[in-house]
Amino acid sequence: MARLVMKFGGTSVAGTERIRNAAARVKREVEAGNEVAVVVSAMAGETNRLVGFCREIAPLHDAREYDTVVASGEQVTTGLMALALHQIDVSARSWLGWQIPVRTDGTHGSARIEAIETAEIERRFGEGQVAVVAGFQGLGPDGRVTTLGRGGSDTSAVALAAALRADRCDIYTDVEGIFTADPRIVTRARKLAKITYEEMLELASLGARVLQTRSVEMAMNHRVRLQVLSSLSDAPGTLVIDEDEIMEKRVVSGITYAPDEAKITLHAVADRPGVAAVIFGSLSQANINVDMIVQSAAPDGSTTDITFTVGRTELERALKVLEGKKSDIGYSRLSPDPNVVKVSVVGVGMRSHAGVAQTMFQALAAKNINIQAISTSEIKVSVLIGADYTELAVRALHSAFGLDAA
Ligand code: ADP
Ligand code: ASP
Ligand code: MG
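Rules behind the numbers
Residues numbered from 1 in each chain as written. Chains lettered and ligands numbered in written order. Predicted model: local features only at pLDDT ≥ 70, side-chain atom pairs only at ≥ 80, totals over all residues. Heavy atoms only, no water. Helix = DSSP H or I, 4+ residues; strand = E, 2+ residues; numbered from the N terminus. Buried < 20%, exposed > 50% of the residue type's maximum accessible area, 1.4 Å probe, protein only. Core = buried A, V, L, I, M, F, W, Y, C linked by side-chain atoms within 4.5 Å. Contact = heavy atoms within 4.5 Å. Near = heavy atom within 4 Å. Polar contact = N/O pair within 3.5 Å; in protein donor to acceptor, adjacent residues only side chain to side chain. Areas by Shrake-Rupley, 256 points an atom, 1.4 Å probe, with all protein chains shown as cover. Nonpolar A, V, L, I, M, F, W, Y, C, P; charged D, E, K, R; others polar. Axes fitted to C-alpha atoms, helices over the stretch in contact; angles between N-to-C directions. Parallel < 35°, antiparallel > 145°, perpendicular 65-115°, else oblique. Left-handed = near helix turned anticlockwise from the far one by under 90°. Pairing = 2+ DSSP bridges.

Undergrad: Explain unusual backbone geometry here, please?
TA: Keep in mind that most residues, glycine aside, have a negative phi and that most peptide bonds are trans. Following I100, the chain continues into P101 via a peptide bond in cis, with omega recorded as -15 degrees. Within the secondary structure layout, P101 lies in the loop between β3 (92-95) and β4 (102-104). Phi angles above zero are rare outside glycine, and F136 is one such case at about 75 degrees. Considering the arrangement of structural elements, one finds F136 in the loop between β6 (130-134) and β7 (137-139). Taking relative accessible area as the criterion, F136 reaches 3% and is therefore assigned buried. The residue N368 is not glycine, and still its phi comes out positive at about 65 degrees. Mapped onto the fold, N368 is located in the loop between α12 (356-366) and β19 (373-377).

Written out as C-alpha cells, the structure is:
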C-alpha cells in the first residue's frame, strides 16, 4: 500500500468525459490498495476566461477580489470529480483550500503555501475515502481566499504530497512526460525517463510550463518523488529525482524558451564608476528584477551602451523609472524592445563538460540568428534573440545537441 497524490491539469478535466476518465484512474489506484488524494485544476481555458472578466471590469483590480473570482474554476472541477468518483462507487469528498485549510501568506495572486492541516484527510484515508482537493487556492492570513499564481495547482499537489508524506506525487497532463523540448514546437523531441530536480527547476524557470517553478523547488526541498505523465495514455512518464539517482548524466537534457522578457538599451551612457549602480539601484528600488545585462564600450572609451532585460509586464514601469533618472544616469537615448525571447539549454553534465556555449553559438550562427545578450549558470546557457527566430533556434539547438529522436 502506498500513499499517492494524483494531480489532474486543465486538459485532463476539460469536460465531464475527461473527468470520468480521470476518476477511473483514481479508482484503479484505490483498488490497488493505495490511499489517494486528488488535486484538480480548473477546466482548460477557464482560468483565462475568469482573468479576462476581472480585466474587463477593472484593469487595475483588487488582488483579493481577483482571487475570489479566479479560484472558482477549481471549485467546479473539485465537486465534479467527487461526483464522478461516487458514480463508480469510490468514496470521496471535495475540499476547497479554506476548508482544509491550505494556509498561505497574504500575497494575493501569487501566494505561497505555508502549512496544510492534513489530520482530517488522513483520518478519512483510514475509512477508505479519497480527498479531492482544489488546486491553486488557499486561505490567507486575512481570512480570505488566495491563489498561488498561474500553473499553481502543481504546487498545491507537491505541497500536499509533502504534508501527507506521500510516497509519490503524480502530475497528469496532456503530454506523456517531460521532453527534451516542448513537443508542440519540436516534433522530434524525446521523452526523458528521468530528470534531476535541478534541471527541471532551470527548465521550469526558463519557460517550460509543464511544471510550475515553485512546485519543483518544493519537491526538491521536501524530497517529494515527482512523476509527470499523461492522463490520456498508459505510457510511462518522467520521474523527477535526485542527481545521485541518475547514473548517466547528459551534457544537455533540454532546450526551452521564455517569451516573457523585454530588452532595454541605454545609449551613450558615461563610462564612469557608479553609473551601473544608479541604473540598477533605481530599478531594484522600484522592485523591478533585471535578468541579463550587456555593456559595450564606444571605440573612444568615453561612453558605453548598456543593454539589459526585465519582465515584459514590467517594461512600461522600468521605462518610467529610467526616464525619471535621466539626468542622474546621463544617457542620450533609451530604446525598448519587447520583441525578444530567451532561449536556454540546460543540463547537469555541463558541470564537467566544456564547449556547450560554443556549440550553442555556432548552431545559432549557422542559422544566421543574432545573439543580443548571454547569461550562464553552472547548468545552463541562455541567449536573447529576436522573437521571430524562436522556433528556428529551439529546433536548431535540439539537433545540435543530438537530442532529436531517430
Ligand atoms: P496542465 O494543464 O496539465 O497543467 P500545462 O499546459 O500547464 O498543462 O503544461 C503542459 C504543457 O507544457 C504541454 O502541453 C507542453 O506544450 C508544455 N511544455 C513545455 N515544455 C515542455 C517540455 N520540455 N516537456 C513537456 N511539456 C512541455
Ligand atoms: N487553473 C490555474 C491556472 O490556469 C492553475 C493551474 O492550472 O495549475 O493557472
Ligand atoms: Mg500547468
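Undergrad: Honestly, the nonpolar core in this entry has me stumped. Any pointers?
TA: One broad rule of soluble globular proteins: the nonpolar side chains tend to lie buried together. In terms of nonpolar packing, the biggest core is built from 42 residues, with V5, C169, M200 and L211 touching the most fellow members. With residues near it in sequence (within four places) discarded, C169 still touches V5, A157, V158, A161, V224, R225, L226 and Q227. With 25 residues, the next largest nonpolar core counts V341, V345, V381 and V394 among its residues.

Undergrad: Would you mind showing me how to read the site of ligand 1 here?
TA: With respect to spatial proximity, 16 residues lie near ligand 1, and among them T173, D174, F179, D182 and R184 are the closest. K7 is positioned with one of its side-chain polar atoms (N or O) 3.3 Å from an oxygen atom of ligand 1. One of the side-chain nitrogen or oxygen atoms of T173 is found 2.7 Å away from an oxygen atom of ligand 1. Within the complex, 89% of the 570 Å² of free accessible area of ligand 1 lies under protein. Residue classes in the shell around ligand 1 are distributed as 7 nonpolar, 4 polar and 5 charged.

Undergrad: Help me understand the site of ligand 2 in this model?
TA: By nearness alone, every residue bordering ligand 2 is listed as S41, A42, T47, E74, F136, R150, G151, G152 and S153. Between ligand 2 and the protein, one listed contact pairs an oxygen atom with a side-chain N or O atom of R150 at 2.6 Å. The backbone of G152 places a nitrogen or oxygen atom 3.4 Å from an oxygen atom of ligand 2. Protein coverage of the free-state accessible area of ligand 2, which is 260 Å², stands at 86%. Its residues placed into classes, the shell around ligand 2 shows 2 nonpolar, 5 polar and 2 charged.

Undergrad: Just checking my understanding: could you explain the packing of helix α1 (residues 16-31) against helix α4 (residues 72-87) for this structure?
TA: Helix-helix packing is described using two parameters, namely the angle between the two axes and the distance between the axes. Remark: α1 packs on α4, axes separated minimally by 9 Å, with the N-to-C direction vectors making an angle of 60 degrees. Taken together, the axes of α1 and α4 lie oblique to each other. Where α1 crosses over α4, the two elements pack in a sense that is right-handed. Residues I19, A22, A23 and V26 of α1 lie in contact with α4, whose contacting residues are L80, M81, A84 and L85. Of the residues belonging to the contact of α1 with α4, the class tally is 8 nonpolar, no polar and no charged.

Undergrad: What am I meant to see in helix α7 (residues 197-205) here?
TA: Because each turn of an α-helix spans 3.6 residues, side chains separated by three or four positions in sequence point in the same direction. Counted residue by residue, α7 has 7 buried out of 9 residues, so it is predominantly covered. Buried residues of α7: Y197, E199, M200, L201, E202, L203 and A204, and no others. One or two residues past the end of α7 sits G207, with phi positive at roughly 125 degrees.

Undergrad: So what exactly am I meant to see when it comes to the pairing of strand β15 (residues 290-297) here?
TA: Within a regular beta strand, the side chains point alternately toward one face of the sheet and then the other, so they alternate between its two faces. Both β15 and strand β16 (residues 303-311) contribute to a ladder of 6 bridges, which runs antiparallel. Directly across from I293, in β16, lies its bridge partner F308. Counting the residues in the hairpin turn of β15 and β16 gives 5 residues, including G301, whose phi is positive at 75 degrees.

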